[in-house]
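One-letter residues, chain by chain:
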Amino acid sequence: MSYGLAMYKFVDGEITPPDMDVVRAIVAPYDAAPEKAANALDFWIRAADGGEAELSVADNVIGVDRPALGEIRGIIAELANRLGAGILTPRGTFLFREDSRAHLPEGLGDDAIFVPEITRETLEAVEAGTA
């Protein structure tokens, strides 16, 4: 079974597409398959500690498949912060920056966790159910 995360950005209650310039700028230093750059919506990234993940952008969602523990979680957190996006974990819990609260559709934030900044540590805590 595959493990994955998803990122969503909301503005005025509506889901919006991610800024692809920001996505490319964040993942470029970690691109493990630059020869596949022709498909600009799929990325395979590798962190310095050897951890890897596959990112796919489809419509308004960034899917993150098989994100390794460690530095990859920091890259994912940085991407979410720079995009102003929230992260949906497999536990069904959303992690958002506090400044996203006013932009969410009614009720979406009821069970979400809000933090000043999404970090590797907060993401890992939410995934583990300890946040």
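Cut-off values and rules
Residues numbered from 1 in each chain as written. Predicted model: local features only at pLDDT ≥ 70, side-chain atom pairs only at ≥ 80, totals over all residues. Heavy atoms only, no water. Helix = DSSP H or I, 4+ residues; strand = E, 2+ residues; numbered from the N terminus. Rg over C-alpha atoms; globule rule 2.2 N^0.38 Å. Contact = heavy atoms within 4.5 Å. 1 Å grid on protein atoms, 1.4 Å probe; cavity = no way out; pocket = protein on both sides within 12 Å on 5 of 7 lines; lining within 4 Å. Points joined across faces, edges and corners; volume = space filled by probe spheres on them. Nonpolar A, V, L, I, M, F, W, Y, C, P; charged D, E, K, R; others polar. Axes fitted to C-alpha atoms, helices over the stretch in contact; angles between N-to-C directions. Parallel < 35°, antiparallel > 145°, perpendicular 65-115°, else oblique. Left-handed = near helix turned anticlockwise from the far one by under 90°. Pairing = 2+ DSSP bridges.

Would you mind showing me how to read the overall build of the protein here?
Helix and strand counts for the protein stand at three helices and eight strands. Ordered by position in the sequence, the α and β elements of the protein form the string β-β-α-β-β-β-α-β-β-β-α. For 131 residues, the compact-globule estimate of 2.2 N^0.38 gives 14 Å, and the C-alpha radius of gyration of the protein, at 14 Å, lies within 12% of that figure. In terms of its C-alpha atoms, the protein occupies a principal-axis envelope of roughly 40 × 30 × 30 Å. Restricting the contact set of the protein to residue pairs at least 6 apart, pairs at least 24 apart contribute 52%.

Honestly, empty space enclosed by the protein in this entry has me stumped. Any pointers?
In this approach, a probe sized like a water molecule rolls over the atoms, and the result shows the empty space that is left. Scanning the model with the defined rule gives one cavity of 30 Å³ or more in all. Its boundaries defined by the atoms lining it, the largest cavity holds a volume of some 40 Å³. Lining of the largest cavity is provided by Met7, Tyr8, Lys9, Thr16, Pro17, Pro18, Asn60, Ile62, Leu83 and Ala85. Per element, the largest residue contribution to the lining of the largest cavity is three residues, and it comes from strand E1 (residues 4-11). When the residues that make up the lining of the largest cavity are grouped by side-chain class, the tally is seven nonpolar, two polar and one charged.

Would you mind showing me how to read the packing of helix H1 (residues 20-27) against helix H2 (residues 71-83) here?
Angle between the axes and distance between the axes: these two values describe a pair of packed helices. Where H1 contacts H2, the axes come no closer than 10 Å and their chain directions differ by 155°. Between H1 and H2, the angle falls in the class roughly antiparallel. As for how H1 packs across H2, the hand of that crossing is right-handed. Between H1 and H2, the residues in contact are Val22, Val23 and Ile26 and Ile75, Glu78, Leu79, Arg82 and Leu83, respectively. A breakdown of the residues in the contact of H1 with H2 according to their chemical character gives six nonpolar, no polar and two charged.

Before we go on, may I ask you to explain the pairing of E1 in this structure?
Each regular strand displays side chains that alternate between the two surfaces of the sheet. Bridging between E1 and strand E5 (residues 61-65) involves four bridges; their strand directions are antiparallel. Along E5, the bridge assignment pairs Gly4 with Asp65. Two elements, E1 and strand E2 (residues 14-16), share three bridges in a ladder whose sense is antiparallel. Across the sheet, residue Phe10 finds its bridge partner in E2, namely Ile15. The antiparallel pairing of E1 with E2 creates a hairpin that spans two residues between the two strands, and Asp12 there sits at a positive phi of about 50°.

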